[in-house]
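One letter stands for each residue in the lines below.
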Amino acid sequence: MKKVNFNIKGVIYGVIVMVLIIGGFIVIPNMFMEQSKPVDYTILQREAIPEKILDMMDKYVNEERALAVKLNNKIYVVVTRGNDKNHGIEMDKIDVVKQDDKNIMRVKVVYKDKEKSYPYIVVETNLNELPDSIELNTSVED
């Protein structure tokens with residue numbers, strides 16, 4: 001029987017190199033990817049929209065924008081289509097991204113045929129506090 005000699009230092013160095021390589025594949029992509037959290041929401045029908053929100057909507061109905069409103073400890077998001085009378089909007093998704101210690105809400109809507117969508121959308125979210133800022137991202141459905 002032949003005695004097998006192996007270098008314990010070589011094995012340790014090999015394990016360390018493997019850990020660093022595998023760790024690099026996990027850590028480095030996370031450094032460059034945004035960590036966004038999806039926001040759960042419920043689209044409200046007109047009769048379920050709080051009166052205070054409906055009252056303030058008149059100011060914004062001619063603008064394309066997304067607003068966050070805190071009312072009765074609930075966070076609502078209001079999205080208006082602006083002056084585009086040929087299209088309506090439909091909610092695609094809402095997520096929150098942390099950038100420079102600020103919470104940025106990204107609201108994504110799709111412009112669609114006005115028969116299949118709405119001139120504005122009001123949603124109730126599962127958030128507890130208002131974001132620091134809101135980005136409205138739009139796209140048009142062909």
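In this report, the structure presented in the accompanying data block is examined. (Residues numbered from 1 in each chain as written. Predicted model: local features only at pLDDT ≥ 70, side-chain atom pairs only at ≥ 80, totals over all residues. Heavy atoms only, no water.)

Another aspect to go through is the environment of Met56. Residue placement: Met56 occurs in helix α2 (residues 51-60). Residues Met56 and Asp132 lie 76 residues apart in sequence; the distance between their C-alpha atoms is 20 Å. Not counting the four nearest positions on each side in its chain, Met56 is found in contact with Leu67, Val69 and Val78. (Helix = DSSP H or I, 4+ residues; strand = E, 2+ residues; numbered from the N terminus. Contact = heavy atoms within 4.5 Å.)

We now examine the nonpolar core. Core analysis: the biggest nonpolar cluster contains 16 residues, and Val77, Val79, Met91, Ile94 and Val107 have the highest contact counts within it. Put simply, the parts of the chain that give this core at least two residues each are β4 (74-81), β5 (87-99), β6 (102-113) and β7 (120-125). Each residue touching Val77, except ones within four places of it in the same chain, is listed here: Leu67, Ile94, Met105, Val107, Ile121, Val122, Val123 and Thr125. Leu44, Ile53, Met56 and Val69 belong to the second-largest nonpolar core, a separate cluster that totals 12 residues. (Core = buried A, V, L, I, M, F, W, Y, C linked by side-chain atoms within 4.5 Å. Buried < 20%, exposed > 50% of the residue type's maximum accessible area, 1.4 Å probe, protein only.)

Turning our attention to the sheet that holds β4. Spatially, β2-β7-β4-β3 is the arrangement adopted by the four strands of the open sheet, whose pairing is antiparallel. Strand pairing shows two members of the sheet lacking a second neighbour, β2 (41-43) and β3 (64-71), which therefore form its edges. Across the sheet, the mean angle separating the axes of adjacent strands is 25 degrees when strand polarity is ignored. Sitting on the sheet, α2 touches β3, β4 and β7, and the angle it makes with β3 is about 155 degrees. (Pairing = 2+ DSSP bridges. Axes fitted to C-alpha atoms, helices over the stretch in contact; angles between N-to-C directions.)

This part is about the sheet that holds strand β1 (residues 36-38). Either a parallel or an antiparallel arrangement is found when strands of a sheet pair, and the pairing is made through backbone hydrogen bonds. One open sheet accounts for four strands, arranged β1-β5-β6-β8; its pairing is mixed. Of all the strands in the sheet, just β1 and β8 (133-140) have a single pairing partner and so form its edges. When the angles between neighbouring strand axes are averaged without regard to direction, this sheet yields 30 degrees. Sheet topology places β1 next to β5; three bridges connect them, and they run antiparallel. Counterpart to Ser36 in the pairing with β5 is Val97.

Despite not being glycine, Asn73 has its phi angle at roughly 60 degrees, a positive value. Here Asn73 shows up in the loop between β3 and β4. In this structure, Asp100 is a non-glycine residue whose phi angle is positive, near 50 degrees. For Asp100, the position within the fold is in the loop between β5 and β6.

All right, on to the pairing of β6 then. Pairing between β5 and β6: 12 bridges, direction antiparallel. Pairing of Gly88 across the sheet is with Lys112, part of β6. From the end of β5 to the start of β6, which pair antiparallel, there are two residues, and Asp100 there has a positive phi angle of about 50 degrees. Pairing geometry for β6 and β8, over eight bridges, is parallel. Within β8, the residue paired with Val110 across the bridge is Ser139.

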